[in-house]
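# Inside the fold
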Amino acid sequence: QVQLVESGGGLVQAGGSLRLSCARSGRTSSVYAMGWFRQAPGKEREFVGVINWSGDTTYYADSVKGRFTLSRNNAKNTASLQMNSLKPEDTAVYYCAARGGVDVTATALEYPYWGRGTQVTVSS
């Protein structure tokens, strides 16, 4: 019903920047919130941030506040995650997720739609 595809991952040096994008397709009219999660090897999936589609509400994990910025583009039907001042501990597979509802949530189980992930590697 809803398909999500992440892009923009890659290798970057510490202190550098990357911009991840999440392309939405299918029945996107039922999607109102876009979340980002990440998972490093041997670790649990971790919440990164979430934005509602109107763009008036955002919530970030403490570990990325001041460094990561969420946005969305209605014309392109995409959500983006701008990552600045990257650290080696940011290395992970980053996932885009979507759900209905106007409220933002950091709970992964609240998101029924997921992308396949994109690898972000930050070198020292």
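Structure: above.
Residues numbered from 1 in each chain as written. Predicted model: local features only at pLDDT ≥ 70, side-chain atom pairs only at ≥ 80, totals over all residues. Heavy atoms only, no water.

### Describing the side chain of Glu6
With respect to the element layout, Glu6 can be found in strand β1 (residues 2–7). One buried charged side chain, Glu6, makes no salt bridge at all; its nearest oppositely charged neighbour is Arg116, positioned 7.6 Å away. Within the structure, Glu6 has its side chain in polar contact with the backbone nitrogen of Cys96 (distance 2.7 Å). Among the polar contacts listed, one links the side chain of Glu6 to the backbone nitrogen of Gly117, at a separation of 2.9 Å. When neighbours within four sequence positions are excluded, Glu6 is seen to be in contact with Ser21, Cys22, Trp36, Tyr94, Tyr95, Cys96, Gly115, Arg116, Gly117 and Thr118. (Helix = DSSP H or I, 4+ residues; strand = E, 2+ residues; numbered from the N terminus. Buried < 20%, exposed > 50% of the residue type's maximum accessible area, 1.4 Å probe, protein only. Lys, Arg positive; Asp, Glu negative; His and termini not counted. Salt bridge = Lys/Arg side-chain N within 4 Å of Asp/Glu carboxyl O. Polar contact = N/O pair within 3.5 Å; in protein donor to acceptor, adjacent residues only side chain to side chain. Contact = heavy atoms within 4.5 Å.)

### Remarks on the nonpolar core
The biggest cluster of nonpolar side chains holds 35 residues, and the ones touching the most others in it are Leu4, Met34, Trp36, Phe68, Leu81, Met83 and Tyr94. Looking at this core, the elements that each hand over two or more residues are β1, β3 (18–26), β4 (33–39), β5 (46–52), β7 (68–73), β8 (78–83), β9 (92–99) and β11 (118–123). Once residues within four sequence positions are removed from consideration, Leu81 is found in contact with Leu18, Arg19, Leu20, Trp36, Val48, Phe68, Thr69, Leu70 and Tyr94. (Core = buried A, V, L, I, M, F, W, Y, C linked by side-chain atoms within 4.5 Å.)

### Remarks on the side chain of Arg67
Mapped onto the secondary structure, Arg67 falls in the loop between β6 (58–60) and β7. Relative accessible area serves as the criterion here: at 10%, Arg67 is assigned to the buried category. For Arg67, the side chain forms a polar contact with the main-chain oxygen of Ser63, separated by 2.9 Å. Sequence-distant contacts of Arg67, that is, excluding residues within four places in its chain, are made with Gln82, Met83, Asn84, Ser85, Leu86, Lys87 and Asp90.

### A few points about the environment of Ser17
Within the secondary structure, Ser17 sits in the loop between β2 (10–13) and β3. Ser17 sits in the partly exposed class, given a relative accessible area of 40%. Sequence-wise, Ser17 and Tyr59 are 42 residues apart; in three dimensions their C-alpha atoms are separated by 20 Å. Sequence-distant contacts of Ser17, that is, excluding residues within four places in its chain, are made with Val12, Gln82, Met83, Asn84, Ser85 and Leu86. In terms of polar contacts, Ser17 uses its side chain to reach the side chain of Asn84, at 2.9 Å.

### Structural notes on the pattern of salt bridges
Scanning the entire structure with this criterion turns up four salt bridges. Between Arg38 and Asp90 there is a salt bridge whose closest N-O contact spans 2.9 Å. With Arg38 in strand β4 and Asp90 in the loop between β8 and β9, this residue pair connects regions lying 52 residues apart in the sequence. We note that Arg38, like Asp90, is buried. In this structure, the salt-bridge partner of Arg67 is Asp90, at a minimum N-O distance of 2.8 Å.

### A word on the sheet that holds β7
Read from one edge to the other, the open sheet built from four strands follows the order β1-β3-β8-β7, with strand pairing classed as antiparallel. Across the chains shown, the open sheet's two edge strands, defined by having one partner strand only, are β1 and β7. Strand-to-strand twist in this sheet, taken as the mean axis angle between neighbours without regard to direction, amounts to 20°. Here β7 runs beside β8; their pairing, made up of six bridges, is antiparallel. Note that in β8 the partner of Arg72 across the bridge is Ala79. (Pairing = 2+ DSSP bridges. Axes fitted to C-alpha atoms, helices over the stretch in contact; angles between N-to-C directions.)

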